[in-house]
Amino acid sequence: MAALLFFTGIPVSPAADEKAPAPATGAQEFNSKNTFRNICSFCHEDYGRKAGKGPQLMNNVNSDEYLFNRIKNGKPGRMAAFGGAFTDDQIRDMVKFIRSLRPDQEP
Ligand code: HEC
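Each chain has its residues counted from 1, following the order in which its sequence is written. Restriction of local features to residues with pLDDT of at least 70 applies here, the model being predicted, together with a cutoff of 80 or more for giving and counting side-chain atom pairs; totals for whole chains, interfaces and linings are based on all residues.

Caption draft 1: Here's a closer look at the site of the ligand. Only the C-beta atom matters for nearness: placed from the backbone, it must lie within 6 Å of the molecule or strand for the residue to count as near. Contacts to the ligand come from 19 residues, most closely from C40, C43, G54, L67 and M79. Per the convention used, a helix needs a DSSP run of H or I reaching at least four residues, while a strand needs a run of E reaching at least two, with both numbered from the N terminus. Among the elements of the structure, α1 (32-40) and α3 (64-73) are those that each provide at least two residues to the shell around the ligand.

Caption draft 2: Spotlight on the environment of D46. With respect to the helices and strands, the residue D46 is situated in helix α2 (residues 45-48). Residues D46 and F36, ten residues apart in the sequence, show an inter-C-alpha distance of 9.7 Å.

Caption draft 3: Inspection of the nonpolar core at higher detail. Among buried residues, those of type Ala, Val, Leu, Ile, Met, Phe, Trp, Tyr and Cys that are joined through C-beta atoms within 7 Å form a set called a nonpolar core. Once C-beta atoms are placed from the backbone, each residue is buried if 20 or more other C-beta atoms lie within 10 Å of its own, exposed if 12 or fewer, and partly exposed for counts between those two. Listed in full, the eight residues of the largest apolar core are F36, C40, L57, I71, I91, M94, V95 and I98. Those elements that provide at least two residues to this core are α1 and α4 (88-99). For L57, the residues in contact, after removing those within four places along its chain, are H44, G48, I98 and L101. The contact criterion used is a C-beta to C-beta distance within 7 Å, with each C-beta placed from the backbone.

So yeah, pure geometry; function would need other evidence.
Here it is in structure tokens:
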């Protein structure tokens, strides 16, 4: 019997359709990373990992409270106050984001 069982490797079925479902989160969630990229990185380059028009924020030696106040109240002539644009909670999120920055890791 010289049956040649010959498997050609025809794909059984096209890879399962893996369309990621769109996240249906309704309310716009505050995203500190995107906010930072859109608004702050004009002056704080590379998510604040590098100095630009504004100082580097990664590894900043100032306290969380200091950073919070700078974001909220700005510094006349240097940086705008963002207290009108963001809630205190959102500003705290931004401070957390700044604290999470690492030199060897894309935020
Ligand atoms: C127009 C440029 C500009 C933009 C936009 C800007 N900053 Fe700044 N930022 C500065 C400058 C300049 C300083 C330094 C101010 C000073 O002399 O204390 C600063 C300081 C800071 C500090 C304090 C750092 C330190 O060591 O004193 C924080 C925190 C900060 N910025 C966060 C932010 C965040 C968050 C945003 C976006 C919501 C933002 N900045 C947008 C220019 C900017």
